[in-house]
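# Structural characterization, general
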Amino acid sequence: MKYWRVPFDRDKIDIPHGDIHINIDRCKGCSFCEEYCPRDVLKMSTNYNKKGYHYPDVIKQGECVNCCLCEMICPEFAIFCIESSKDTIQKGMKKGSNQEATS
Amino acid sequence: MTEVATQSKKGETKPKNEKPKAVLRDDYEHPMEIYLRIERFPHIWCATCGIGTVLTAFISGLEKSKLDIEKVTVVSGIGCTGRTAGYLRLDSFHTTHGRAIPFATGLALGNPKLKVVVISGDGDLTAIGGNHFIHAARRNLDLTIICVNNFNYAMTGGQAGPTTPMEAIASTAPYGCYEYPFNLPFLAESSGAVFVARWTALHIRRLTNTIAEALLKPGFSFIEVICPCATLYARRNRLGDGLDLMRFYHDNAIIKHGANTREVDIEYQKQIIVGKFVDIDKPTFLQQRDRFLKNKLGNQFIPYKEPVS
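This report concerns the structure included in the present document. (Residues numbered from 1 in each chain as written. Chains lettered and ligands numbered in written order. Predicted model: local features only at pLDDT ≥ 70, side-chain atom pairs only at ≥ 80, totals over all residues. Heavy atoms only, no water.)

### Notes on the interface of chain A and chain B
The partner chain B presents 37 residues to the 32 residues of chain A that form the contact. Taking both partners together, chain A and chain B bury about 2900 Å²; carbon and sulfur atoms supply 62% of that area. Considering only the side of chain A, the residues that lose the most area to chain B are A:Phe32, A:Met72 and A:Phe77, jointly responsible for 27% of the buried surface there. Applying the counting criterion to the chain A and chain B interface returns 2 salt bridges. Residue A:Arg26 pairs with B:Glu33 through a salt bridge whose shortest N-O separation is 3.2 Å. Inspection of the region where chain A meets chain B yields 9 residue pairs in polar contact (both at pLDDT 80 or more). Class assignment of the residues belonging to the side of chain A that touches chain B gives a composition of 21 nonpolar, 3 polar and 8 charged. (Contact = heavy atoms within 4.5 Å. Buried area = accessible area lost by both parts, 1.4 Å probe. Salt bridge = Lys/Arg side-chain N within 4 Å of Asp/Glu carboxyl O. Polar contact = N/O pair within 3.5 Å; in protein donor to acceptor, adjacent residues only side chain to side chain. Nonpolar A, V, L, I, M, F, W, Y, C, P; charged D, E, K, R; others polar.)

Written out as structure tokens, the structure reads:
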């Protein structure tokens, strides 16, 4: 990620990571999620789902920051994020910061 | 009713207990499914319609407001947006055309502990139900109104409605609409609403916050949501699909909190002023009734059930 000034506490902050789950057959191919994902993680696939629409694909695995904008903007309830638990929680515990910071 | 209640209770605890195990695609249920009648899905709304997004925002706002969902009811009228009540796993009612607010009035007065929300379209609320709308606002009933404005009667084939902007083409206005449209926030404020806001379907986080705020606000709160209609409004006017309209909102929506509602009317393909326009405190209908009758009748007045503070 580009910064115009590197934040002082950059090394202390854990950027959360999310896993994107897509219910392919519920998608109607509006591509709102592709358009408004802040990290451009999603791209519409060239394949078709059961209904004949193009559905989104995760093209940048591991770059999702769990902002859940795709989940919010999807009109079909077809996509959602779950915070990938392992690394972020363990990292936060290790650094001695209180648990609230990670949750 | 009890069956619905137990189902939602079961669902509430479910996603918290189940921890995700691996990154798979179709394994988990959507976090909002506990609020949805998922057996009715896929819903009837067209591809790139924004009403589903408004429903998402409503569910998130409901979660954010931390209201007891057993005491929240949703009432809808007829139309595309009228279907929202049918998809929500709350005590929800699908009423006749334009009569969502009278139905909600009955619910709110019959059981003052309920939080009654009306989600309906612009045609249902302000054309066929226009009279009910202004009188509910005048009385300051404790209702939350979410009006999804897609500028036409979309379910019946795109006829021109009370919010169709001038020059826009509709199926009953093939050369463009020449009527003056309603300015809904101004209508609501001048009728007596205590909370008036407008967002588009793109301002999803702000809309969520506003819905959460409006749900906790006593009195008549009104939220207008500008929503893309791809199949009828955008197609007839050659505006592309829903995504193009979303891009249009991105470029042309101007956030002005506290703007004078007299100046926020929408012209065809011109800038849209959004934001929270009105937030005042005023006693609600039931508070006013209790106070007034207590003054007049003294000890003779016995309030129905419990008095509302």
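### Section: the side chain of A:Glu71
Looking at the secondary structure, you find A:Glu71 in helix α2 (residues 69–73). Within the buried set, A:Glu71 has no salt-bridge partner at all; the shortest N-O distance to an opposite charge, 8.3 Å, is to B:Arg205. Within the structure, the side chain of A:Glu71 is placed 3.4 Å from the backbone nitrogen of A:Cys81, a separation counted as a polar contact. (Helix = DSSP H or I, 4+ residues; strand = E, 2+ residues; numbered from the N terminus. Buried < 20%, exposed > 50% of the residue type's maximum accessible area, 1.4 Å probe, protein only. Lys, Arg positive; Asp, Glu negative; His and termini not counted.)

### A few points about the pattern of salt bridges
Residue and element names in this part refer to chain B. For the structure shown, the criterion picks out 13 salt bridges over all chains. Taking the shortest distance from any N to any O, the salt bridge between Asp 290 and Arg 289 comes out at 3.1 Å. Arg 289 sits in the partly exposed class, given a relative accessible area of 30%. Sharing partners across several salt bridges, the network here consists of Glu 213, Lys 217, Lys 276, Asp 279 and Asp 281.

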